[in-house]
Amino acid sequence: MSDTEPENQSRSIAAVERAMDVLLLFGRSGRADLGVTEIATELGITKAAVHRILTALRNRDLIALDPSTRRYALGHAAIGLGRAYLARTDLRVMAAPELRRLAGATRETATLSIRRGDTRMYVDQVVPDQELRMEVAAGVPYPLYAGSSSKVILAFLRKEEIDGYLSRHELTPFTDATITSVRKLRTELNAIKKRGYAVSLGERQIGAASVAAPVLDHDGGVVAAISVCGPLSRFEPRLAEFVPTLLKAAGAISAQLGYTD
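### With respect to the pairing of strand β2 (residues 71-74)
Moving on, step 1. Pairing of strand β1 (residues 63-66) with β2 involves four bridges; the strand directions are antiparallel. Its bridge partner lying in β2, Asp 66 is registered against Arg 71.
Moving on, step 2. A loop of four residues connects β1 with β2, the two strands running antiparallel in sequence, and Arg 70 in this loop sits at a positive phi of about 60°.

Take a look at the structure:
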């Protein structure tokens, strides 16, 4: 083996690691797309190196370029990898027993929500056998500033992600109870992070109430939210008694994802 072979091998490994760093940045940034300068700044590498990496990733359809904006997003091959992972570790399958227990214990609707960029959506629910009950619409995107599931996801994001979200979005009211002040919302998010759950009393829908807790992964990052929701008049007097059961359910799901306190 020549003296240059180990050096060439080390360079190849370093190049692969940089490419993986770029790809992983798209997955954790929370932004729909990224520019070359953003990537270079966040990863501490040159723009020339970023261009080379993006070209290689585009050749494998892991990254796609929008020619009008010159910004990059995950390509269909990366999305396929994500789907393959989700098929193996389906969060809905993990959460289903806890949602059933939660709905049974509270006699109210239990839901599972996941984040999608700057929105979140319901992906599962267990509805109790009640004459007056709430049902949610799965797959509909909702903003992250209104409602307990939305706020608890936003509160447990990294500070720079929260700052970015608030800089991009106007806090438009859904009801008179919606928080529309950035200062008040930041105060609310800090309180949610401290106590570990969020409450909504008619913030997104008049006459509805809910309490939500985060589902955290092995790194402590928020990947989902579970909630209990119901008609405001029946729900509000019992809200405090729902919290321990909700937190226990969220903790059980988080533990399956490798989270430890």
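### Looking at the sheet that holds strand β3 (residues 109-116)
Moving on, step 1. Read across the open sheet, the six strands follow the order β5-β4-β3-β8-β7-β6; overall the sheet is antiparallel. Unpaired on one side and paired on the other, β5 (142-143) and β6 (198-201) mark the two borders of the sheet.
Moving on, step 2. When β3 meets strand β4 (residues 119-126), the two strands line up antiparallel, connected through seven bridges. Looking across to β4, one finds that Ala 110 is bridged to Val 126.
Moving on, step 3. Along the sheet face, helix α10 (residues 239-256) touches β6, β7 (208-216) and β8 (222-231) and points at about 25° away from the line of β7.

### Considering the pattern of salt bridges
Opposite charge on two side chains makes pairing possible when the charged atoms of those side chains draw close.
Moving on, step 1. For the coordinates displayed, the defined rule picks out 14 salt bridges.
Moving on, step 2. Ionic pairing is found between Arg 71 and Glu 38, a salt bridge with its closest N-O pair at 2.7 Å. One end of the pair, Arg 71, is in strand β2; the other, Glu 38, is in helix α2 (residues 36-43), with 33 residues separating them in the sequence.
Moving on, step 3. Residues Arg 158 and Glu 160 are paired through a salt bridge, measuring 3.0 Å at the closest nitrogen-oxygen approach.
Moving on, step 4. Residue Arg 158 is classed as partly exposed on the basis of its relative accessible area, which comes to 37%.
Moving on, step 5. Because the salt bridges share partners, they merge into one network encompassing Arg 115, Arg 158, Glu 160 and Glu 161.

### Concerning the packing of aromatic side chains
Moving on, step 1. Under the counting rule described, the total for this entry stands at three aromatic pairs.
Moving on, step 2. Residues Tyr 122 and Tyr 142 carry aromatic rings whose centres are separated by 5.8 Å and whose planes lie at 70° to one another, so their mutual orientation is edge-to-face. Here Tyr 122 is found in strand β4, whereas its partner Tyr 142 is found in strand β5, with 20 residues between them in sequence.
Moving on, step 3. Here the aromatic rings of Tyr 145 and Phe 174 are separated by 6.1 Å at their centres, their planes lie at 35°, and the arrangement is tilted. In this pair, Tyr 145 is assigned in the loop between β5 and α6 (148-155) and Phe 174 in the loop between α7 (159-168) and α8 (182-195), connecting sequence segments 29 residues apart.
Moving on, step 4. The class of Tyr 145 is buried, set by a relative accessible area of 5%.
Moving on, step 5. Sitting over the face of the ring of Tyr 122, Arg 120 holds its NZ or CZ atom 4.3 Å from the ring centroid.

### Quick look at the packing of α6 against α8
A packed helix pair is summarised by two numbers, namely the angle formed by the two axes and the spacing between the axes.
Moving on, step 1. Orientation of α6 relative to α8, taken along the N-to-C sense of each, is 80°, at an axis distance of 9 Å. Between α6 and α8, the crossing angle belongs to the class labelled roughly perpendicular. Along its contact with α6, which presents Lys 151, Val 152, Leu 154 and Ala 155, the element α8 presents Leu 185, Glu 188, Leu 189, Ile 192 and Lys 193.
Moving on, step 2. Classifying every residue of the contact of α6 with α8 by side-chain character gives six nonpolar, no polar and three charged.

### So, unusual backbone geometry
Apart from glycine, the bulk of residues carry a negative phi angle, and the bulk of peptide bonds sit in the trans form.
Moving on, step 1. Unusually for a residue other than glycine, Asp 61 sits at a positive phi of about 60°.
Moving on, step 2. With respect to the element layout, Asp 61 can be found in the loop between α3 (47-59) and β1.
Moving on, step 3. By relative accessible area, Asp 61 is classed as partly exposed at 37%.
Moving on, step 4. One non-glycine residue, Arg 70, adopts positive backbone phi at about 60°.
Moving on, step 5. Relative to the helices and strands, Arg 70 is located in the loop between β1 and β2.

### Let's talk about the nonpolar core
Moving on, step 1. Within the largest apolar cluster, 28 residues are counted, with the highest numbers of intra-cluster contacts made by Leu 91, Leu 112, Val 211, Ile 226, Val 228, Phe 235 and Leu 246.
Moving on, step 2. Listing elements by their share of this core, those giving two or more residues are α5 (91-106), β3, β7, β8 and α10.
Moving on, step 3. Dropping the residues within four chain positions of it, Leu 112 is found in contact with Leu 91, Arg 92, Ala 95, Leu 99, Met 121, Tyr 122, Val 123, Asp 124, Ala 224, Ala 225 and Ile 226.

About the criteria used
- Residues numbered from 1 in each chain as written.
- Predicted model: local features only at pLDDT ≥ 70, side-chain atom pairs only at ≥ 80, totals over all residues.
- Heavy atoms only, no water.
- Pairing = 2+ DSSP bridges.
- Helix = DSSP H or I, 4+ residues; strand = E, 2+ residues; numbered from the N terminus.
- Contact = heavy atoms within 4.5 Å.
- Axes fitted to C-alpha atoms, helices over the stretch in contact; angles between N-to-C directions.
- Salt bridge = Lys/Arg side-chain N within 4 Å of Asp/Glu carboxyl O.
- Buried < 20%, exposed > 50% of the residue type's maximum accessible area, 1.4 Å probe, protein only.
- Phe/Tyr/Trp six-rings, centres within 6.5 Å; stacked < 30°, edge-to-face > 60°.
- Lys NZ or Arg CZ within 6 Å of the ring centre and 35° of its normal.
- Parallel < 35°, antiparallel > 145°, perpendicular 65-115°, else oblique.
- Nonpolar A, V, L, I, M, F, W, Y, C, P; charged D, E, K, R; others polar.
- Core = buried A, V, L, I, M, F, W, Y, C linked by side-chain atoms within 4.5 Å.

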